[in-house]
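Examining the three-dimensional arrangement
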Amino acid sequence: MTLVFHAPGAPAIAMAQLLQLCLLAASLFALSFKATSSSSSSSSHDSHGIESLHFALYQHETINKTGYIIVNGPAGAGVGQTTTPFGTVFAFQDPMTVAANISSKIVAIAEGTSITSSFDGLRSISIAKITLRLKNLKGSISIVGGTHNIKPADHPVVGGTGDFMFVQGYVTSSPVDLKGLTVTYKIVFHLYWPPYAKKFSLHDKHM
């Protein structure tokens, strides 16, 4: 009769090792899934620690209600849906919504001025402050640049306040509906925060 002696606790050790392997495999799967899903998000971080945010809003401008000609230009094209005379000074305070429908939720206000800079009346130099009240971000960004009334145009971001302090990037303005008294533009935001921006907040400032 042969007696076989088993080391005490051997089955338990084997089970523990098996459990560790299962946990390791599950952890690797979770990390892989997280990396894959985050690539489609509108908010991301790159390898240099730069945080970015990309989204779109719709600006609605109604002549003689949210936008007014302050100074009528002396020459060039006449006043129309898409043109104003060269040198025209225009001021606006337009609502910005989450959808192209003007009755959709308002989450921002664009206020600023533009000066018609071409004799065909289609281009202008614009300065604007966009006050944003998003779900988790509140503050404003300031933009400046050239606008084309019937073509997409990029405007660099030159500063920000609140949660948009130190923000960089640009916004792209594209016409959506240019018929009637109210015209609609799609405004796409491409915003970037450099790494040092994370070290500061409104709580750090002595106000």
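Residues numbered from 1 in each chain as written. Predicted model: local features only at pLDDT ≥ 70, side-chain atom pairs only at ≥ 80, totals over all residues. Heavy atoms only, no water.

**Considering the overall build of the protein**
Secondary structure summary: the protein contains one helix and 10 strands in total. In the protein, the succession of helices and strands from N to C terminus is α-β-β-β-β-β-β-β-β-β-β. In the protein, which comprises 207 residues, the share counted as buried stands at 32%. When the accessible surface of the protein is totalled, it reaches about 13,000 Å², and 64% of it is carbon and sulfur. (Helix = DSSP H or I, 4+ residues; strand = E, 2+ residues; numbered from the N terminus. Buried < 20%, exposed > 50% of the residue type's maximum accessible area, 1.4 Å probe, protein only. Areas by Shrake-Rupley, 256 points an atom, 1.4 Å probe, with all protein chains shown as cover.)

**Quick word on the environment of Pro-85**
Its place among the elements puts Pro-85 in the loop between β3 (67-71) and β4 (89-97). You can call Pro-85 buried: its relative accessible area is 7%. Spatially, the C-alpha atom of Pro-85 lies 8.8 Å from that of Ser-117, the residues being 32 residues apart in sequence.

**Re the confidence of the model for the protein**
Taken over all residues, the pLDDT of the protein has a mean of 80, while the share at 70 or more is 71%. Looking over the protein, one finds the lowest element-wise mean pLDDT in helix α1 (residues 10-38), namely 42, and the highest in β4, namely 98. Confidence over residues 21-41 falls short of pLDDT 50; this stretch has zero contacts with residues more than four positions distant or in other chains. The low-confidence segment residues 201-207 (pLDDT under 50) makes four contacts with residues lying over four places distant or belonging to another chain. (pLDDT = per-residue confidence, 0-100. Contact = heavy atoms within 4.5 Å.)

**Focus: the packing of aromatic side chains**
On inspection of all chains with the given rule, the structure shows four aromatic pairs. Considering the side-chain rings of Phe-86 and Phe-119, the 4.2 Å spacing of their centres and the 20 degrees angle between planes classify their relative orientation as stacked. On the criterion of sequence distance, the pair formed by Phe-86 in the loop between β3 and β4 and Phe-119 in the loop between β5 (106-116) and β6 (123-133) is long-range, its members being 33 residues apart. (Phe/Tyr/Trp six-rings, centres within 6.5 Å; stacked < 30°, edge-to-face > 60°.)

**Brief notes about the side chain of Ser-52**
Position of Ser-52 relative to the elements: it lies in strand β2 (residues 51-62). At 3.5 Å, the side chain of Ser-52 forms a polar contact with the side chain of His-54. (Polar contact = N/O pair within 3.5 Å; in protein donor to acceptor, adjacent residues only side chain to side chain.)

**Quick word on the nonpolar core**
Among the nonpolar cores identified, the biggest contains 26 residues, and Ile-130, Leu-132, Ile-141, Phe-189 and Leu-191 are the most heavily contacted of them. The set of elements that each furnish at least two residues to this core consists of β2, β4, β5, β6, β7 (138-148) and β10 (182-193). The leading source of residues in this core is β10, at six residues. Setting aside residues up to four positions removed in sequence, Phe-189 forms contacts with Leu-53, His-54, Phe-55, Leu-57, Met-96, Ile-130, Leu-132, Ile-141, Tyr-170 and Val-171. (Core = buried A, V, L, I, M, F, W, Y, C linked by side-chain atoms within 4.5 Å.)

**With respect to the pairing of β6**
The side-chain alternation of β6 yields one buried face, formed by Ser-124, Ser-126, Ala-128, Ile-130 and Leu-132, and one unburied face, formed by Arg-123, Ile-125, Ile-127, Lys-129, Thr-131 and Arg-133. Pairing geometry for β5 and β6, over nine bridges, is antiparallel. Across the sheet, residue Ser-114 finds its bridge partner in β6, namely Ser-126. Two successive antiparallel strands, β5 and β6, enclose a turn made up of six residues, where Gly-121 displays a positive phi of approximately 75 degrees. The pairing of β6 with β7 spans 11 bridges and is antiparallel. For Ile-125, the partnering residue across the bridge sits in β7 and is Gly-146. If you look at the hairpin formed by β6 and β7, you'll find four residues sitting between the two strands. (Pairing = 2+ DSSP bridges.)

**Description of the environment of Thr-66**
Topologically, Thr-66 is positioned in the loop between β2 and β3. In the structure, Thr-66 is positioned 28 residues away from Asp-94 in sequence and 5.5 Å away in space, judged by C-alpha atoms. Every residue in contact with Thr-66, bar those within four places of it in the chain, is listed here: His-60, Glu-61, Ala-91, Phe-92, Gln-93, Asp-94 and Pro-95. Among the polar contacts made by the side chain of Thr-66, one reaches the side chain of Asp-94 at a distance of 2.8 Å.

**Some points on the pairing of β2**
Within β2, nine of the 12 residues are buried, leaving the element largely enclosed by the surrounding structure. Pairing geometry for β2 and β10, over 12 bridges, is antiparallel. Each residue of the ladder has a partner; that of His-54, found in β10, is His-190. Sheet analysis places β2 next to β4, joined by two bridges and oriented antiparallel.

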